[in-house]
Amino acid sequence: MIGSSFSQYKVTSKLGEGGMGEVWRAEDTKLGRDVALKVLPDAFAQDPDRLARFEREARVLASLSHPNIAGIHGLEEIDGKRFLVMELVEGQTLAEHIQRGPMPIEEVVRIARQIAEAVEAAHEKGVVHRDLKPANVNIMPDGTVKVLDFGLAKALVGDPMSGGNVNQDLSLSPTMTQAMTGMGVLLGTAGYMSPEQARGQPVDRRADIWAFGCILYEMLSGRKLFTGETATDVIGAVVHKEPDIDELSSKVPKRIRLLLERCLQKDANRRLQSIGDARIALQEWQENPEAEEPVVADTARRPPWLVAAGVTAGLVLGAVLGATLLGGKNEPEQLRRFEINVSEQGLFSRLGSGIEVSADGSKIAYTTGSEGQIQGLVLRPLDRFQETVLASGEGATGPYHPFFSPNGDWLGFVTPRELKKISASGGAPITLTQVDRSRGASWGPDGTIVFARSVFSPLSLISAAGGDPRPLTELDEAAGETTHRWPQWLPGGKAVLFSSLAEGGQFIFENGAIEVVVVETGERKVVHRGGYYPRYVPTGHILYVHEGTLFALPFDVKKLEVTGSQMPVLEGLETNAGQGSAQYAVSDTGLLVYLEGGNELEPFPIVWTDSEGEVETLWAEPGIYGSPQLSPDGDRLAVSVLRGQNWDVWVYDLERDVATRITFGKAYDADPVWSPDGRWIAYEGEVDGVDGIFRKRTDGTGDAEMLLEPGKHVFPAPRSWSPDGKFIAIQSSGEGGQTDIWVLPLDETGGGEPELFTSTAFTEMGPSFSPDGRWLAYSSTETGRSEVFVATFPPGGGKWQVSDGGGTQARWSGDGRELFFRTDAGIMSVKVSSEGSSFRASRPEIVFEGNFLGGLQGVLLPGFNFPDYDVSADGKRFVMFQGTTEGALATEAKIVLGWFEELRRLAEAGAQ
């Protein structure tokens, strides 16, 4: 190879070889630079399926532009050789550096932080390394770290490599496959495999976090964490041996030790869930290494159940659990863990908390159903297997968010339109008051219920016997508050605990606040900033959720003051930061019930579907997308794209297969709408935490122009541009918590003053102009569930209901003769005609079935009808997000008994 030329590349020396192929140094004679050529094995290059997969992966790798990632310049085929042209990284590998022994802590943190930054950037692109190890980390002469071989392990799954010496040091062995191990497809290097990798199970980004922990340990100690004489020995150690962090030098800071522990949890659900958290921890240590060490620093002082959601399954409750719950024991309860099957359909948790426990810990209540389909409200005594369906519903009209009366004799719940109660022994539900998508309620000791009337409302009070509601809190308009929700009465019934969020939080409650309000005076006090879904427990702690972890915050319930620092209690909890809710509940007796999992957004592609439901790829690159809209000529697609924590508008050219970013804001630029001539895109944009509406030229020239001043409306979102270009129909949150439709007039200088199109106590959203501009289709909850209506434009004429079984997101065909809309079942359509001011619509018919993934709707912000599809002008094809959440809901509940004693012991240890 040395001296050979492939196109403009002249090979000058060999750099190395491994299971992935040979790597050569070459001179790029055209550009005058040195590059690395990685030549792929012939067996791989000759396999069409594997080659196609690799080419797709190479395109993803080419998108990973980061200073700590070795870049890829291209994929070439010359003289029958397939090779990658890569950035040449000088210096030595981290493996070579570690051979000199343990590294100083400052150097460890500097290198580890750069590795974490590289892995974080890749994870944000949906790329999992799967073979992270010191040999794949290069340290350049200037100290810059470069991570190599991103994604290649994933692309090479299943390839029978040859020539590897399985008797060499297997902790540094090349990527192993079926031929090398005889154990199934194992992807990764033995000594750095996660336990799930070693078992041949599917893996995700948490496998990289495990490998990162192994690397961190190796840098700190100068030795590998898992070793053995054979591959089987190494894998056995990974699966069965507990990492011994105590073997590290006592000089290793406790904060770094704690980070290492969290990375090396064998159960992936117990493990650190985001490499970005590791990067932050390392950065904070660099900025202030002398800061006070955490009181919870090692596993000896932190029982395993406190840092994990993966409790041991125990399917036998019967007399054991019954005696524990109902036997009236006074001695400290022994820690016990159980797992019970509660629903074959799944526990419905998308609209908020779906599970609750009575104060005495004798029974739980939960909502069952599948995505978008609430089935019923179930009561389950925990000392026997019998369960009772207390209330049932259909689709999105069913009951959710159960809450017990203090004595457990009654169960409250909400539907999208009503707050109700029902006897725990059965009977007919009793309506207490009207609501609009309530977000939480709690039954006080004096029979008063505190509740959130709507998504965008403060808290109110009502007697459990019925009557008129009265206000408890007010939204702080000066602070931009948009919601108070998930209240809980504190002991004594004098104050209420709740979550609040200001507009800049963009309905991500990680940015919210936890507050208390004194009922008699209305005085409010912020308890903690950052986190959501607070619950007080009798140990003197407020529990709350932050980034999927349940924390305990010491709290004096009499003084309403925090008395200490928070500590982690439970990881891997199913949460929904977009709703500010979490799936856990606690009794006064020390019983914890929760759902395990999480709602991490997984990337998905954008596809075409036809009237038969057949799928064809439109934009193959997986991502987190929302609000798709085709251009008037049908050649381009505007879409909201999430990168990290930032939403932006992109335009995808269907013919050229090129995506162009249109907006460059720092937080939320989304919900694009095309002008009729295709020259402009209007979108919702955030400025300093406040939302307005802007427009931008689609050719990328010029700056964004303001159409609606930020702060004029709450969450204003453009939905449709009139065919004459003179109006944009928008939706925004009304004063009563409902969503209203407005019409924003336009002229050459920008936008005028919006005019209200709908003015009701119900939620209207998703307006869509007809092609001739005479009609406006939209959805409304005035019937008790969301249905599609059509009204004249300008307003003042007639209004007609189009759907009859629920519907949202109306879309017109190009000729205006057909109207499409979304249901949980799939896409529906009606034939429409008009004469003068009269409008006619046929009976709705199903176009195709299939609950395609709802992008923003149902994933990031469940319960909100954000656009998640569009239709071509001829009405024959539909832009959809491929994927479904079917089967994703939990069917088991986790039960922990006696955990109050553990929490008390932990608090005492921390105080010492």
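Scoring rules and cut-offs
- Residues numbered from 1 in each chain as written.
- Predicted model: local features only at pLDDT ≥ 70, side-chain atom pairs only at ≥ 80, totals over all residues.
- Heavy atoms only, no water.
- Axes fitted to C-alpha atoms, helices over the stretch in contact; angles between N-to-C directions.
- Helix = DSSP H or I, 4+ residues; strand = E, 2+ residues; numbered from the N terminus.
- Parallel < 35°, antiparallel > 145°, perpendicular 65-115°, else oblique.
- Left-handed = near helix turned anticlockwise from the far one by under 90°.
- Contact = heavy atoms within 4.5 Å.
- Nonpolar A, V, L, I, M, F, W, Y, C, P; charged D, E, K, R; others polar.
- Phe/Tyr/Trp six-rings, centres within 6.5 Å; stacked < 30°, edge-to-face > 60°.
- Lys NZ or Arg CZ within 6 Å of the ring centre and 35° of its normal.
- Buried < 20%, exposed > 50% of the residue type's maximum accessible area, 1.4 Å probe, protein only.
- Pairing = 2+ DSSP bridges.
- Salt bridge = Lys/Arg side-chain N within 4 Å of Asp/Glu carboxyl O.
- Core = buried A, V, L, I, M, F, W, Y, C linked by side-chain atoms within 4.5 Å.
- Polar contact = N/O pair within 3.5 Å; in protein donor to acceptor, adjacent residues only side chain to side chain.

1. Structural notes on the packing of helix α4 (residues 105-124) against helix α11 (residues 275-287)
Then, number 1: Their axes nearest at 8 Å, the elements α4 and α11 cross at an angle of 150 degrees. When the axes of α4 and α11 are compared, the pair comes out roughly antiparallel. Where α4 crosses over α11, the handedness of that crossing is left-handed. Residue-level contacts link Ile105, Glu106, Val109, Arg110, Ala112, Arg113, Ala116, Glu117, Val119, Glu120 and His123 of α4 to Ile275, Gly276, Arg279, Leu282, Gln283, Trp285 and Gln286 of α11.
Then, number 2: Residues that form the contact of α4 with α11 fall into these classes: eight nonpolar, four polar and six charged.

2. A look at the packing of aromatic side chains
Then, number 1: Summed over all chains, the structure comprises 23 aromatic pairs.
Then, number 2: Ring geometry for Tyr778 and Phe789: centres 6.2 Å apart, planes at 20 degrees, overall stacked. With Tyr778 in strand β51 (residues 775-780) and Phe789 in strand β52 (residues 787-792), this residue pair connects regions lying eleven residues apart in the sequence.
Then, number 3: Here Lys421 stacks its cationic end above the ring of Trp410, 4.6 Å away from the centre of that ring.
Then, number 4: For the cation-ring pair, Arg695 lies above Trp680, with the distance from its terminal atom to the ring centre recorded as 4.4 Å.

3. Observations concerning unusual backbone geometry
Then, number 1: Of note, the bond from Phe793 into Pro794 is cis; its omega dihedral lies within 30 degrees of zero at 0 degrees.
Then, number 2: We note that Asp657 has phi near 60 degrees; this positive angle belongs to a residue other than glycine.
Then, number 3: Inspection of the secondary structure assignment puts Asp657 in the loop between β39 (646-653) and β40 (658-661).
Then, number 4: Positive phi values are uncommon outside glycine, yet Gln809 reaches one of about 55 degrees.
Then, number 5: Structurally, the position occupied by Gln809 is in strand β54 (residues 808-812).
Then, number 6: Looking at Gln809, the relative accessible area reads 5%, which means it is buried.

4. Observations regarding the sheet that holds strand β42 (residues 680-687)
Then, number 1: If you trace the four strands from one edge of the open sheet to the other, you get β41-β42-β43-β44, paired in antiparallel fashion. Across the chains shown, the open sheet's two edge strands, defined by having one partner strand only, are β41 (669-674) and β44 (705-708). Geometrically, the sheet is characterised by an average inter-axis angle of 35 degrees between neighbouring strands, direction not taken into account.
Then, number 2: Relative to strand β43 (residues 690-697), β42 is paired through eight bridges, and the arrangement is antiparallel. Considered in β43, the bridge of Ala682 is made with Arg695.

5. What about the pairing of β39?
Each regular strand displays side chains that alternate between the two surfaces of the sheet.
Then, number 1: β39 sits mainly inside the fold: eight of its eight residues count as buried.
Then, number 2: Neither face of β39 is left uncovered, since the one carrying Asn646, Asp648, Trp650 and Tyr652 and the one carrying Trp647, Val649, Val651 and Asp653 both have all their residues buried.

6. A word on the packing of helix α10 (residues 254-263) against α11
Then, number 1: Axis separation between α10 and α11 bottoms out at 10 Å; the angle between their running directions is 170 degrees. Classified by the angle their axes make, α10 and α11 are roughly antiparallel. On α11, the residues that touch Arg255, Ile256 and Leu259 of α10 are Ala278, Ala281, Leu282, Glu284 and Trp285.

7. Digging into α10
Residue pairs spaced three or four apart in an α-helix point in one direction, given the helix's 3.6 residues per turn.
Then, number 1: The buried fraction of α10 is high, at eight of ten residues.
Then, number 2: By the burial criterion, the buried members of α10 are Arg255, Ile256, Arg257, Leu258, Leu259, Leu260, Glu261 and Cys263.
Then, number 3: Check the buried side of α10 and you find it contacts α4, α8 (206-221) and α11.

8. What about the pattern of salt bridges?
Then, number 1: This model, assessed by the stated rule, comprises 28 salt bridges.
Then, number 2: Across the salt bridge formed by Glu87 and Lys146, the nearest N and O atoms sit 3.1 Å from each other. Of this pair, Glu87 sits in strand β6 (residues 81-87) while Lys146 sits in strand β9 (residues 145-147), and the two are 59 residues apart along the sequence.
Then, number 3: With relative accessibility at 23%, the residue Glu87 sits in the partly exposed group.
Then, number 4: A salt bridge links Asp671 to Arg719; its shortest N-O distance comes to 3.7 Å. With Asp671 in strand β41 and Arg719 in strand β45 (residues 714-721), the pair connects residues that are 48 residues apart, well separated along the chain. Just as Asp671 is buried, Arg719 falls in that class too.

9. Section: the nonpolar core
Then, number 1: Membership of the largest hydrophobic core comes to 54 residues, with the highest contact counts inside it found for Leu94, Ile115, Phe212, Met219 and Leu220.
Then, number 2: Listed by contribution, the elements that provide at least two residues to this core are α3 (94-98), α4, β8 (137-139), β9, α8, α9 (231-240), α10 and α11.
Then, number 3: If you tally residues by element for this core, the top one is α4, at eleven residues.
Then, number 4: Setting aside residues up to four positions removed in sequence, Met219 forms contacts with Leu94, Ile98, Pro102, Met103, Val108, Ile111 and Ala112.
Then, number 5: Of all hydrophobic cores here, the second largest spans 24 residues; its members include Trp486, Leu570, Ala577 and Leu592.

10. Comments concerning the environment of Pro458
Then, number 1: Structurally, the position occupied by Pro458 is in the loop between β20 (448-452) and β21 (459-463).
Then, number 2: C-alpha separation for the pair Pro458 and Arg485, spaced 27 residues apart in sequence, amounts to 7.4 Å.

11. Focus: the environment of Glu755
Then, number 1: Within the secondary structure layout, Glu755 lies in strand β49 (residues 755-756).
Then, number 2: Accessibility expressed as a relative area gives 55% for Glu755, which makes it exposed.
Then, number 3: Separated by twelve residues in sequence, Glu755 and Val743 have C-alpha atoms that sit 5.2 Å apart.
Then, number 4: Not counting residues up to four positions away in its chain, the partners in contact with Glu755 are Trp742 and Val743.

12. Some remarks on the sheet that holds strand β7 (residues 92-93)
Then, number 1: With antiparallel pairing, the three strands of this open sheet are ordered in space as β7-β8-β9. Looking along the sheet, the strands with just one partner apiece sit at the ends: β7 and β9.
Then, number 2: Strands in contact with α4 are β8 and β9; relative to β9, the strand with the most contacts, it is inclined by about 40 degrees.

13. Things to note about the side chain of His528
Then, number 1: For His528, the position within the fold is in strand β26 (residues 524-529).
Then, number 2: A relative accessible area of 16% means that His528 is categorised as buried.
Then, number 3: Among the polar contacts listed, one links the side chain of His528 to the backbone oxygen of Gly530, at a separation of 3.3 Å.
Then, number 4: Those residues in contact with His528 that sit more than four places away from it in its chain are Ala513, Ile514, Tyr544, Leu553 and Gln566.

14. A closer look at the side chain of His484
Then, number 1: If you trace the backbone, His484 turns up in strand β23 (residues 481-489).
Then, number 2: Classification of His484 by relative accessible area gives buried; the value is 0%.
Then, number 3: At 2.9 Å, the side chain of His484 and the side chain of Glu481 are in polar contact.

15. Section: the pairing of strand β28 (residues 541-546)
Then, number 1: Burial runs high along β28: five of the six residues are buried.
Then, number 2: When strand β27 (residues 532-537) meets β28, the two strands line up antiparallel, connected through four bridges. In the sheet register, Arg535 faces β28, and the bridge partner there is Leu543.
Then, number 3: Taking the residues between adjacent antiparallel strands as the criterion, β27 and β28 are bridged by three residues, where Gly540 takes a positive phi near 90 degrees.

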